[in-house]
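The chain contents come next:
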Amino acid sequence: MKRIVLLRHGESTWNKDNRFTGWTDVDLTEKGIADANQAGTLLKEKGFHFDKAYTSFLKRAVKTLNCVLDKMDQDWIPVEKSWRLNEKHYGVLQGLNKSETASKYGEEQVLIWRRSFNVAPKALSEDDPRNPKTDTRYKEVPDKDLPRTESLKETVERILPYWKCIIFPNLATANELLVVAHGNSLRGIIKYLKHIPDEEIVGLNLPTAIPYVFEFDDDLNLKKDYFLGDPEEIKKLMEAVADQGKTTPDGRK
Ligand SMILES: O=C(O)[C@@H](CO)OP(=O)(O)O
């Protein structure tokens, strides 16, 4: 049996503030660090031994990975970072509060921007200081590949070459791989792995720092997938993520 664990980063400062984040490089909160440490402790308890780990160019994912590996005493394993594992680019929505955006444009519209497969928010203008072409970390990436906004479809299109050519082929020799990334970049991978139809992906919300295990047989066919943790608790966390796009995200009426 071979396993790949997908892990969304711990709580970030903009998760806490309920802001659209995308490619903005925000840090983990204290809680986010604690979440990440807890995920590492759980993975260790469950006996995982990763051969290699992958993460994005964004510090909330990189730092989560570091916490996890430290808790597992596996700091030494090879780690590869790729811009292709970055979060979906949220265009001009980046920085806006999700509830305020729902009050202004409606919850339905916010759901489309957050969870639909085909719709991308309005793109950043070329002269916007947040345009990734001005960020030195992406200097090796051809400009045509650098997004100014993305739908989930476009996010999947930039992740899949990396998944298919770099991450997945490793399972031929490795037994266990860890991928630490983001809510929507991981939704894209999960959609691909589980053949989730476009219209059903709207309902998938990933909680922060909950390991999601994918088991494959020796022919690399997917056999089983499950979250590590209490199913009731995980369901509540997923609902809380979905509710972030409501006008009252904490459930107040
Ligand atoms: O803002 C973001 O970049 C993402 C992930 O944190 O949020 P959402 O859950 O709204 O897609």
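Computed from a predicted structure; not experimentally measured.

Asker: How should the packing of aromatic side chains be read in this particular structure?
Answerer: Aromatic ring pairs are defined here through the distance separating the ring centres and the angle between the ring planes. By the definition in use, this model includes 11 aromatic pairs. Arranged with centres 6.2 Å apart and planes meeting at 80 degrees, the rings of tyrosine 54 and tyrosine 162 form a pair that is edge-to-face. Of this pair, tyrosine 54 sits in strand β2 (residues 52-55) while tyrosine 162 sits in helix α6 (residues 152-167), placing them 108 residues apart in sequence. Just as tyrosine 54 is buried, tyrosine 162 falls in that class too. Consider the rings of phenylalanine 57 and tyrosine 138, whose centres lie 6.0 Å apart with planes at 20 degrees: the pair is stacked.

Asker: Would you mind going over the environment of methionine 1 with me for this structure?
Answerer: Summarising the element assignment, methionine 1 is placed in the segment before β1 (2-8). Excluding residues within four positions of it along the chain, methionine 1 makes contact with Asn175, Glu215, Phe216 and Asp218.

Asker: What am I meant to see in the pairing of strand β4 (residues 176-181) here?
Answerer: In summary, the side chains of a regular strand alternate between the two faces of the sheet. Of all six residues making up β4, six are buried, and the element is well covered by its neighbours. The two faces of β4 match: Glu176, Leu178 and Val180 on one face and Leu177, Val179 and Ala181 on the other face are all buried. Taken together, the six bridges between β1 and β4 define a ladder with parallel strand orientation. Its bridge partner lying in β4, valine 5 is registered against leucine 178. Across four bridges, the pairing between β2 and β4 is parallel. When the sheet's bridge partners are listed, lysine 52 is paired in β4 with leucine 177.

Asker: So what exactly am I meant to see when it comes to the site of the ligand here?
Answerer: With respect to spatial proximity, the complete set of residues near the ligand consists of Arg8, Asn15, Arg19, Phe20, Thr21, Gly22, Glu87, Tyr90, Lys98, Arg114, Arg115 and Asn184. Backbone polar atom of glycine 22 to an oxygen atom of the ligand: 2.7 Å apart, as the coordinates give it. Protein contacts shield 99% of the accessible area of the ligand, which totals 310 Å² for the unbound molecule. Its residues placed into classes, the shell around the ligand shows two nonpolar, four polar and six charged.

Conventions used here
Residues numbered from 1 in each chain as written. Predicted model: local features only at pLDDT ≥ 70, side-chain atom pairs only at ≥ 80, totals over all residues. Heavy atoms only, no water. Phe/Tyr/Trp six-rings, centres within 6.5 Å; stacked < 30°, edge-to-face > 60°. Helix = DSSP H or I, 4+ residues; strand = E, 2+ residues; numbered from the N terminus. Buried < 20%, exposed > 50% of the residue type's maximum accessible area, 1.4 Å probe, protein only. Contact = heavy atoms within 4.5 Å. Pairing = 2+ DSSP bridges. Near = heavy atom within 4 Å. Polar contact = N/O pair within 3.5 Å; in protein donor to acceptor, adjacent residues only side chain to side chain. Areas by Shrake-Rupley, 256 points an atom, 1.4 Å probe, with all protein chains shown as cover. Nonpolar A, V, L, I, M, F, W, Y, C, P; charged D, E, K, R; others polar.

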